[in-house]
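Structural description and commentary
What follows is the residue order along each chain.
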Amino acid sequence: MKKTGISSRLKHVFFSSVLLFLLPGCSDRFVLFDPAGPVAHTEYRFIVLSAILVSLVVIPVLGLLIYIVIRYRDRPGNQAPYQPNWTDSKILEVIWWGIPILIVAILGVFTVRDTYALTRPPTNQKPITIQVVSLDWKWMFLYPDSKIATVNYCEIPTGVPVQFVLTADAPMNSFWVPQLGGQMYTMPGMEMYLWLQADRPGVYDGKGANFTGKGFAHMNFQVVAKPKSEFESWVKKVKASAPALTNEKYNQLVKPSIVNRQSYSSYPTSLYQNIVDKNGGKYWHTNHEHH
């Protein structure tokens, strides 16, 4: 009689599952594993370390599960030992408690080390600061040093640490450039700090990683990394050719809408601080000064 089936279908399901797991690695959009800066490299190494340590538990457990099912299956002639009075083994208990404790300890040490390291500039180069405001549904970038502003894109010099100072003038969101580092929340009335750096020129996709309404899917931006001389030329070009960002124009930007990339040659000096303060930031600063 012809075999139909179940084993054949199980094979198809198994190999399809394996392909679904492996094929994303063939895409150039699998950007999380293509780090382009020291922060992303640190996080990438931690991901790899975590995967290896977890595999030390998961793979043996799955292997033992298959072995036990086959070895102790109730079938005629099975010579597997039957020990109904067996209760415990000190050696086995030390193994299955000791290995997870050791793995958690190793992960804890590396987590604390890397978490504190990522709160500091990734290299000793002189950093620049970019203030970021998440809006409905767009991203605004302010350059305090050069006094220019952009919307839905920002440019940075390669090899230079960038401190992103983040806030929101809309529902909270999450700022994420996967190839440069992990995400950080943007919250009204609060300032969050994130160090990133690009070591090679390129255009890196960024996105809002926290749902904020019907326009959320379009809330993407790009980080353009270029050599320092080209970055300085870009700043001069924006200052010379772009319009100014006025308070009236910002009041239009803050309304829910989807816009293309924009550049501005200047913006009101107190714009960023006013955005933080009007959402409760003045109370947040006061409380932190008292503590």
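Residues numbered from 1 in each chain as written. Predicted model: local features only at pLDDT ≥ 70, side-chain atom pairs only at ≥ 80, totals over all residues. Heavy atoms only, no water.

1. Points about the sheet that holds strand S3 (residues 148-151)
- As summarised here, the arrangement of the six strands in space is S8-S5-S1-S2-S3-S11, forming an open sheet in which the pairing is mixed. The open sheet is flanked by strand S8 (192-196) and strand S11 (262-264), the only strands paired with a single partner. The mean inter-strand angle of the sheet, taken between neighbouring strand axes irrespective of direction, is 20°.
- Relative to S8, strand S5 (residues 162-168) is paired through five bridges, and the arrangement is antiparallel. Opposite Gln-163, over in S8, you have Trp-195 as the bridge partner.
- The strands that helix H4 (residues 228-241) touches are strand S1 (128-135), strand S2 (138-143), S3 and S11; relative to S3, the one it contacts most, it runs at about 95°. (Pairing = 2+ DSSP bridges. Helix = DSSP H or I, 4+ residues; strand = E, 2+ residues; numbered from the N terminus. Axes fitted to C-alpha atoms, helices over the stretch in contact; angles between N-to-C directions. Contact = heavy atoms within 4.5 Å.)

2. With respect to the side chain of Glu-191
- Position of Glu-191 relative to the elements: it lies in the loop between strand S7 (184-186) and S8.
- The charged side chain of Glu-191 is buried without a salt bridge, its nearest counter-charge being Lys-147 at 13 Å.
- Separated by 3.3 Å, the side chains of Glu-191 and Tyr-272 make a polar contact. (Buried < 20%, exposed > 50% of the residue type's maximum accessible area, 1.4 Å probe, protein only. Lys, Arg positive; Asp, Glu negative; His and termini not counted. Salt bridge = Lys/Arg side-chain N within 4 Å of Asp/Glu carboxyl O. Polar contact = N/O pair within 3.5 Å; in protein donor to acceptor, adjacent residues only side chain to side chain.)

3. Re the environment of Glu-43
- Residue placement: Glu-43 occurs in helix H2 (residues 38-71).
- With a relative accessible area of 25%, Glu-43 lands in the partly exposed category.
- Taking the C-alpha atoms as reference, Glu-43 lies 9.2 Å from Leu-118; in sequence the two are 75 residues apart.

4. A few points about the sheet that holds strand S10 (residues 220-226)
- Pairing within the open sheet is mixed, and its five strands lie in the order S4-S10-S9-S6-S7. With partners counted over all chains shown, the strands left at the sheet margins are strand S4 (153-157) and S7, one partner each. Strand-to-strand twist of the sheet, defined as the mean angle between neighbouring strand axes without regard to direction, takes the value 25°.
- One ladder, built from two bridges, connects strand S6 (residues 173-176) with strand S9 (residues 202-208); its direction is antiparallel. Directly across from Trp-176, in S9, lies its bridge partner Lys-207.

5. Concerning the pattern of salt bridges
- Enumeration according to the criterion identifies five salt bridges in this entry.
- Note that Asp-88 and Lys-90 form a salt bridge whose closest N and O atoms lie 3.4 Å from each other.
- Close ionic contact of Asp-169 with Lys-278 constitutes a salt bridge, the shortest N to O distance being 3.0 Å. With Asp-169 in the loop between S5 and S6 and Lys-278 in helix H6 (residues 271-290), this residue pair connects regions lying 109 residues apart in the sequence.
- You can call Asp-169 buried: its relative accessible area is 10%.

6. Overview of helix H3 (residues 90-117)
- Counted at 1.5 Å a residue, the expected span for H3 with its 28 residues is 40 Å, and the 40 Å between its end C-alpha atoms agrees.
- Within H3, the full set of buried residues consists of Ile-103, Leu-107 and Asp-114.
- The secondary structure elements touched by the buried residues of H3 are H2. (Expected span 1.5 Å × (residues − 1).)

7. Points about the packing of aromatic side chains
- Within this structure, the stated rule accounts for 12 aromatic pairs.
- Centre to centre, the rings of Phe-33 and Tyr-44 are 5.9 Å apart; their planes meet at 70°, and the pair counts as edge-to-face. Of this pair, Phe-33 sits in the loop between helix H1 (6-22) and H2 while Tyr-44 sits in helix H2, and the two are 11 residues apart along the sequence.
- Relative accessible area serves as the criterion here: at 41%, Phe-33 is assigned to the partly exposed category.
- Here Tyr-44 falls in the partly exposed class, since its relative accessible area comes to 29%. (Phe/Tyr/Trp six-rings, centres within 6.5 Å; stacked < 30°, edge-to-face > 60°.)

8. Section: the pairing of S10
- For S10, the tally of buried residues reaches five of seven residues, placing the bulk of the element in the interior.
- Taken together, the five bridges between S4 and S10 define a ladder with parallel strand orientation. Its bridge partner being in S10, Tyr-153 is matched across the sheet by Gln-222.

9. Some thoughts on the side chain of Thr-42
- Of note, Thr-42 is situated in helix H2.
- Among residues more than four places away in sequence, those in contact with Thr-42 are Asp-114 and Leu-118.

10. Section: the packing of H2 against H3
- Closest axis-to-axis distance for the H2/H3 pair is 10 Å, and the angle between their directions is 175°. As far as their axial angle goes, H3 and H2 are roughly antiparallel. Across from Thr-42, Phe-46, Leu-49, Ser-50, Leu-53, Leu-56 and Val-57 in H2, the residues of H3 making contact are Ile-99, Ile-103, Ile-106, Leu-107, Phe-110, Thr-111 and Asp-114.
- Class assignment of the residues belonging to the contact of H2 with H3 gives a composition of 10 nonpolar, three polar and one charged. (Parallel < 35°, antiparallel > 145°, perpendicular 65-115°, else oblique. Nonpolar A, V, L, I, M, F, W, Y, C, P; charged D, E, K, R; others polar.)

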